[in-house]
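Inside the fold
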Amino acid sequence: MASQAEILNDERFSCVTRDPRFWEMPEKERKVKIDKRFRAMFHDKKFKLKYTIDKRGRPVNYTSTENLRKFYALSESDSDISENDSKEHIERKKKKKKAKPKG
């Protein structure tokens with residue numbers, strides 16, 4: 001098997017290295033920027049789905065929230081606000097659980 005350097009130096013594939021269609025997308029541009037109006041989708045129960053099997057029937061254990069974080073990012077001005085909101089949201093949940101008497 002030919003090495004990566006040999007393939008890149010080959011005349012037949014030289015156009016591939018210069019063509020921007022084949023370049024890897026920068027990490028900053030991979031995620032869609034979401035503004036503060038939609039930041040609730042990261043912690044709201046309406047947007048959370050729990051999957052037990054994948055599309056091929058194999059058992060998995062993840063939620064749609066993980067997919068949201070993989071494909072969407074808050075805009076730069078709103079990211080600080082959302083991190084504080086998510087921390088406050090988690091703290092509120094903990095307080096509610098502690099406040100509920102078992103019975």
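What you are looking at is a predicted structure, and each value in this text was computed from that prediction instead of being measured.

Considering the pairing of strand β3 (residues 59-63)
Strand direction decides the pairing type here: strand β2 (residues 50-53) and β3, joined by 3 bridges, are antiparallel. Bridge pairing in β3 links Tyr51 to Tyr62. Between β2 and the antiparallel strand that follows it, β3, lie 5 residues; Gly57 among them carries a positive phi value of about 90°.

Points about the side chain of Ser75
Relative to the elements of secondary structure, Ser75 occurs in the loop between β4 (72-74) and α5 (76-99). Relative accessible area serves as the criterion here: at 17%, Ser75 is assigned to the buried category. Apart from residues no more than four positions distant in its own chain, Ser75 is found in contact with Lys33, Ile34 and Asp35.

Remarks on a nonpolar patch on the surface
Side chains of Ile7, Phe13, Val16 and Phe22 sit close together on the surface and give an oily, nonpolar patch of about 340 Å² of accessible area. Structurally, Ile7 is set in helix α1 (residues 4-9). Judged by its relative accessible area of 35%, Ile7 falls in the partly exposed class.

A few points about the confidence of the model for the protein chain
Confidence in the prediction of the protein chain, expressed as mean pLDDT, is 78, and 72% of residues score 70 or more. Mean pLDDT values over the elements of the protein chain span from 62, in α5, up to 88, in strand β1 (residues 32-34).

Quick word on the nonpolar core
Judged by nonpolar contacts, Ile34, Met41, Phe42, Leu68 and Leu74 together constitute the single largest core of 5 residues. Apart from residues no more than four positions distant in its own chain, Phe42 is found in contact with Thr65, Leu68, Arg69, Tyr72 and Leu74.

So, the environment of Phe38
Considering the arrangement of structural elements, one finds Phe38 in the loop between β1 and β2. Separated by 36 residues in sequence, Phe38 and Leu74 have C-alpha atoms that sit 8.7 Å apart.

Criteria and cut-off values
- Numbers given to residues run from 1 along each chain, matching the order in which its sequence is written.
- Only residues with pLDDT of 70 or above have their local features reported here, since the model is predicted, and side-chain atom pairs are shown and tallied only from 80 upward, although totals for entire chains, interfaces and linings are computed over all residues.
- The side-chain figures draw on all heavy atoms in the structure; neither hydrogens nor water molecules are used.
- Think of it this way: DSSP has to see at least two bridges between two strands before they count as a pair.
- Helix numbers and strand numbers start at the N terminus; a helix is a DSSP run of H or I with at least 4 residues, a strand a run of E with at least 2.
- Buried means the residue's accessible area, taken with a 1.4 Å probe over protein chains only, is under 20% of the maximum for its type, while exposed means over 50%, and partly exposed covers the values in between.
- We call two residues in contact when some of their heavy atoms are within 4.5 Å.
- Think of a patch as exposed residues, more than 30% relative accessible area, with no salt bridge, where like charges cluster within 9 Å and nonpolar side chains (Val, Leu, Ile, Met, Phe, Trp, Tyr) cluster within 5 Å.
- Only the protein chains shown count as cover for residues, with accessible areas throughout obtained via the Shrake-Rupley method and a probe of 1.4 Å.
- Salt bridge, as used here: a side-chain nitrogen of Lys or Arg that lies within 4 Å of a carboxyl oxygen of Asp or Glu.
- On a range of 0 to 100, pLDDT expresses the predictor's confidence in each residue.
- To qualify as a nonpolar core, a set must consist of buried Ala, Val, Leu, Ile, Met, Phe, Trp, Tyr and Cys residues joined through side-chain atoms within 4.5 Å.

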